[in-house]
Amino acid sequence: MSRKKTGMPESEIQNNSFVLAELARGQERAFDFIFRKYYKALCAQATVYVKDIDAAQGIVQESFIKLWRKREEAESIKNLPSYLTSMVRNQCIDHMRKVNVLNKTHQQGATTDEVENTTENLVLAHEFEEKLVIALSNLPERCRIAFEYSRFENLTYPEIAEKMGISVKAVEALISRALKTLRTELKDYLPLLMLLFKISPF
């Protein structure tokens, strides 16, 4: 499959093909690799929909359980980020139907503008989510880890430095690099990026 059709570098396609082949063979290390690479990014995607980090984590964990249960079919997956984001999206929609979010919103006296904003955000999320997951998962590993500690676990720079065994200055540099990459990769979605991760446009 060409890069033009998938939006993914050839090296990434080849890497995912190998990992998926290993997953299809029941190799837990392949599953662990996919989980570590995509879990936090998929939680960010789910949070766009359900606005609750605990619910988002539960949704993503359930999606990974389904991936493992269907591991024998893994080699048929052509685009892993797209497959994962679609799975999480469907889980989010199921969750929202179960809790009947829109009805509860009306019952709580939400304004028309709030309802319209919710709908608009969901439309934007649908366009945004796969690119977000790819951009986060493709960050250099140390940049990604530092960014995840900062934005997903709300750790301070000194706390991140201690966890990673590096200086605070090094943490600042890693997160700065991550933010620069995300602003570039997701420049068409800066309002959502700013909302999700408190990222400035500059």
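What counts, and where the lines are drawn
- Residues numbered from 1 in each chain as written.
- Predicted model: local features only at pLDDT ≥ 70, side-chain atom pairs only at ≥ 80, totals over all residues.
- Heavy atoms only, no water.
- Patch = residues over 30% accessible without salt bridge, like charges linked within 9 Å, V, L, I, M, F, W, Y side chains within 5 Å.
- Areas by Shrake-Rupley, 256 points an atom, 1.4 Å probe, with all protein chains shown as cover.
- Salt bridge = Lys/Arg side-chain N within 4 Å of Asp/Glu carboxyl O.
- Lys, Arg positive; Asp, Glu negative; His and termini not counted.
- Charge placed at Lys NZ, Arg CZ, Asp CG, Glu CD.
- Helix = DSSP H or I, 4+ residues; strand = E, 2+ residues; numbered from the N terminus.
- Buried < 20%, exposed > 50% of the residue type's maximum accessible area, 1.4 Å probe, protein only.
- Arc of directions from axis to C-beta.
- Contact = heavy atoms within 4.5 Å.
- Phe/Tyr/Trp six-rings, centres within 6.5 Å; stacked < 30°, edge-to-face > 60°.
- Lys NZ or Arg CZ within 6 Å of the ring centre and 35° of its normal.
- pLDDT = per-residue confidence, 0-100.

A. View of a positive patch on the surface. The grouping of Lys-66, Arg-69, Lys-70 and Lys-98 at the surface amounts to a positive patch. Position of Lys-98 relative to the elements: it lies in helix H5 (residues 80-99). For Lys-98, a relative accessible area of 73% puts it in the exposed group.

B. Inspection of helix H9 (residues 157-164) at higher detail. Of all the positions in H9, only Ile-160, Ala-161 and Met-164 are classed as buried. The buried residues of H9 occupy one face: seen down the axis, they fall within an arc of 100 degrees. Residues of H9 that are exposed and angled more than 90 degrees away from the buried face: Glu-162 and Lys-163. The elements touched by buried residues of H9 are helix H8 (141-151) and helix H10 (168-185). Note on H9: the residue one or two positions beyond its end, Gly-165, has a positive phi of about 70 degrees.

C. The arrangement of the packing of aromatic side chains in detail. On inspection of all chains with the given rule, the structure shows six aromatic pairs. Taking 5.4 Å as the distance between ring centres and 70 degrees as the angle between the ring planes, the aromatic pair formed by Phe-31 and Trp-68 counts as edge-to-face. Linking Phe-31 in helix H3 (residues 28-50) with Trp-68 in helix H4 (residues 53-69), this pair joins segments that are 37 residues apart in sequence. By relative accessible area, Phe-31 is classed as buried at 16%. Each residue in the set Phe-31, Phe-35, Tyr-39, Phe-64 and Trp-68 is aromatic and connected to the rest through ring pairs, giving one cluster. Over the ring of Trp-68 we find Arg-71; its NZ or CZ atom is 4.1 Å from the centre of that ring.

D. Seen up close, the confidence of the model for the protein chain. Residues at a pLDDT of 70 or more form 77% of the protein chain, whose mean pLDDT is 80. Considering each helix and strand of the protein chain separately, the mean pLDDT is smallest for helix H1 (residues 3-6), with a value of 40, and largest for H9, with 95. Note that residues 1-10 has pLDDT below 50 and, in this model, 13 contacts with residues that lie over four places away or in other chains. Every residue in residues 109-120 scores below 50 in pLDDT, and together they form four contacts with partners more than four places removed in sequence or on other chains.

E. Molecular detail of the environment of Ala-74. Position of Ala-74 relative to the elements: it lies in the loop between H4 and H5. Counting along the chain gives 50 residues from Ala-74 to Ala-24, while the straight-line C-alpha distance between them is 5.2 Å. Residues contacting Ala-74, with those up to four places away along its chain left out, are Leu-20, Leu-23 and Ala-24.

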